[in-house]
There are 2 protein chains.
Amino acid sequence: MKKLTLKDVAKQLGVSTATISNAFNRPDQLSANKRTEILEACKEIGYTGPNRAAQILRKGQSNIVALVLADSLDYMVTDPVANTFIQGVSRVLRENQKHLLLYAGDSDSITDVVDFVDGFICYGAPRNGALSTQLNQQSKPVVTVDFNLEGRPAINIDNEKASYEIAKAALRPGDRAAILGLRLIDSPSTCRIYDSPLLDAESSITHRRLDGYCRALKETGIEVATDWIWNLPENAGMYAVQAAREVLQSSPRPDVILCMSDIIALELLQCALTMGIDIPGELRITGFDGIEEAARTRPYMATVCQSSVEKGMEAAKLLLSGDNTSMSLPYEIKVGETI
Amino acid sequence: MKKLTLKDVAKQLGVSTATISNAFNRPDQLSANKRTEILEACKEIGYTGPNRAAQILRKGQSNIVALVLADSLDYMVTDPVANTFIQGVSRVLRENQKHLLLYAGDSDSITDVVDFVDGFICYGAPRNGALSTQLNQQSKPVVTVDFNLEGRPAINIDNEKASYEIAKAALRPGDRAAILGLRLIDSPSTCRIYDSPLLDAESSITHRRLDGYCRALKETGIEVATDWIWNLPENAGMYAVQAAREVLQSSPRPDVILCMSDIIALELLQCALTMGIDIPGELRITGFDGIEEAARTRPYMATVCQSSVEKGMEAAKLLLSGDNTSMSLPYEIKVGETI
DNA sequence: CTGTTAGCGCTTTCAG
DNA sequence: CTGAAAGCGCTAACAG
């Protein structure tokens, strides 16, 4: 049995195509009676409504929102921070009957979808920088998160300030301090940064975090050499373990280690405990993000809690509202038991 | 500046629309020279290729695959098992230039997307049973995972056998045993099942797991009353904590607790350790799934490892291949340190 | 309130 | 290899 078209149905019911269309899309254009009559008849003969593909072309609207993630879905989908963000987004989209298309930030271009999605939420700077340009050149709404695109509304937290505050809480004068950073330089593996050229030093949030750490360090009278700053290419346990081992085996060992994510901090904590290091007696650790697992761990991780769910919800709301107003979301310093 | 259409471009370049279309879609229809010449000219004037919305309508193909999850995205997106599955799916889709649309299993219907997606991967029985019917009635390819749909290819592991084996490994004659189950009955909160009507007893994989446990229990000469079987509505820590408390406070306390997921088992382990219970001396625990966190925990969880990444990859491959052959994937019993 | 009609932008036959 | 033309299925303006 071939799929029914609106035209078939109109013929069968002996009314015009406009009437069928209106019955589904514009209730005000026909009497309530006629409408329910038509809708029932449609149900009876198995017509579930106008073909969406045709609607998309005709209306220029698909009810699909693309969520452009910073990196390949492969990485992103297992990152707990990204996940809670997606959770927030999906909650609002669902309320508004929109659908969610996941788009990888290392894709070649957005041309595959730009013609039919209703808008973009861009979570973090796409690994492929060309996407940023393309996103900005097209005319559909874009909301950026943890990242800025000229002229587009953005949602952020104050990463510099948050990092400054958590570092201040952890540091004591005379400390030896190390930093486990994220995407500070362009390297495919865990390594110390030395004087490698910095990656997106102007725009990336991890550089803002570094700025915050550095301000706190300076104020406390502590210097950190670039061989005490590690770079992880991705926020994944596997890279964190390597960095954790390297830093814990340094001699002399640092008194404080500032980590740019909870994943990193947790892995470090695990390593340290295994080595029999007393936390926070011999070593203080701070994280960033406030993921659930960080709260489950004993001792509780000192970290910056940002509500990713809310971030996601706000991003989706902002996109759907069409507003062009950026916003800065609150965060919370959780002192925990590791400093 | 208005967006260019294929027609505009054809006029500007002084060729027919068919030629432009062919240049983009069917290289064999024109000389290589002409083709690159056209493609370059297009790039120059800023035409990135045929409008996708129109292509979708015309070709009946969108390169979008819908992943129908068992429940709302809200729940699913933070479930580590689901996430690794999505990871697998996305990896294969990306290789094949397909895009991923996440679809909630508690949606009202699939009509919003059925007209334009190229196919469906259905991960677990959708909470809204109507979706199953609709999926089966439409003509686009469907692959089911951890679940069966008449006439459609399915990917599963042998849940009954795996559960039997892990239970056998954990049980000793004379044990008192309890079960922490998942979606066995229709209840919105954690509770014992007693003799509530079972939910999808025929088709659900958690009932297969229960079958496996029961076979092992019987063989070992152990009886488990229905007030020693708990039901969790979702695979989430919050429900697990409640069940864990209830079961650990039972008196006499069980010697073995069989959990239908690692999330449940981990939460139980945590509770037990907090209460000072010796694992496995005073209490043995088994999980199911083999999530990463279960391997990070000390003592290591005894569990059934199934590779969700592979499941996802196989599901996507199967969908794209158009084959109609179901498959059963291997699993591995990991004895761990909790039994 | 209903029917007619011109496209939305493209693909693909078909004749040249 | 090219150009003309018929739709894919629908919506919305317009005239009745």
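That block above? That's the structure.
Residues numbered from 1 in each chain as written. Chains lettered and ligands numbered in written order. Predicted model: local features only at pLDDT ≥ 70, side-chain atom pairs only at ≥ 80, totals over all residues.

**Overview of the sheet that holds strand β7 (residues 191–192) of chain B**
All names here are of chain B.
- Read from one edge of the open sheet, 5 strands run β7-β8-β6-β9-β10, paired in mixed fashion. Two strands close off the open sheet at either side, each with one partner strand: β7 and β10 (284–286).
- Relative to strand β9 (residues 256–259), strand β6 (residues 177–182) runs parallel, the two being bridged by 4 bridges. If you follow Leu-180 over to β9, its bridge partner there is Cys-259.
- Sitting on the sheet, helix α10 (residues 205–219) touches β6 and β9, and the angle it makes with β6 is about 170°.
- Contacting β6, β8 (229–232) and β9, helix α11 (residues 237–248) crosses the sheet at an angle of about 165° to β8. (Pairing = 2+ DSSP bridges. Helix = DSSP H or I, 4+ residues; strand = E, 2+ residues; numbered from the N terminus. Contact = placed C-beta atoms within 7 Å. Axes fitted to C-alpha atoms, helices over the stretch in contact; angles between N-to-C directions.)

**Considerations on the protein's contact with DNA strand C**
- Taken together, the neighbourhood of DNA strand C is formed by 26 residues, with Leu30(A), Thr5(B), Leu6(B), Ser21(B) and Asn51(B) sitting nearest.
- When contributions to the surface near DNA strand C are tallied by element, the ones reaching two or more residues are α2 (17–25) and α4 (52–59) of chain A together with α1 (6–13), α2 (17–25) and α4 (52–59) of chain B.
- Partitioned by chemical class, the residues of the surface near DNA strand C number 9 nonpolar, 12 polar and 5 charged. (Near = placed C-beta within 6 Å. Nonpolar A, V, L, I, M, F, W, Y, C, P; charged D, E, K, R; others polar.)

**Remarks on the nonpolar core**
- Leu67(A), Leu101(A), Ile121(A), Leu67(B), Leu101(B) and Ile121(B) are the most contacted members of the largest nonpolar core, which has 192 residues in total.
- Apart from residues no more than four positions distant in its own chain, Ile121(A) is found in contact with Val65(A), Leu67(A), Val68(A), Val89(A), Val143(A), Val145(A), Ala315(A), Ala316(A) and Leu319(A). (Core = buried A, V, L, I, M, F, W, Y, C linked by C-beta atoms within 7 Å. Buried ≥ 20, exposed ≤ 12 C-beta atoms within 10 Å, placed from the backbone.)

**Points about the sheet that holds strand β10 (residues 284–286) of chain A**
Residue and element names in this part refer to chain A.
- With mixed pairing, 5 strands are arranged side by side in an open sheet as β7-β8-β6-β9-β10. The strands lining the two open edges of the sheet, one partner per strand, are β7 (191–192) and β10.
- Inspection of the sheet shows strand β6 (residues 177–182) paired to strand β8 (residues 229–232) by 4 bridges, in the parallel sense. Counterpart to Leu-182 in the pairing with β8 is Leu-232.
- Along the sheet face, helix α11 (residues 237–248) touches β6, β8 and β9 (256–259) and points at about 165° away from the line of β8.

**Quick word on the packing of α1(B) against α2(B)**
Residues and elements named next belong to chain B.
- One can describe the packing of α1 onto α2 by two numbers: an axis separation of 8 Å at closest approach and a directional angle of 110°. On the basis of their axis angle, the class for α1 and α2 is roughly perpendicular. Of the residues in α2, those touching α1 at Leu-6, Lys-7, Val-9 and Ala-10 are Thr-17, Ile-20 and Ser-21.
- Split into classes, the residues belonging to the contact of α1 with α2 amount to 4 nonpolar, 2 polar and 1 charged. (Parallel < 35°, antiparallel > 145°, perpendicular 65-115°, else oblique.)

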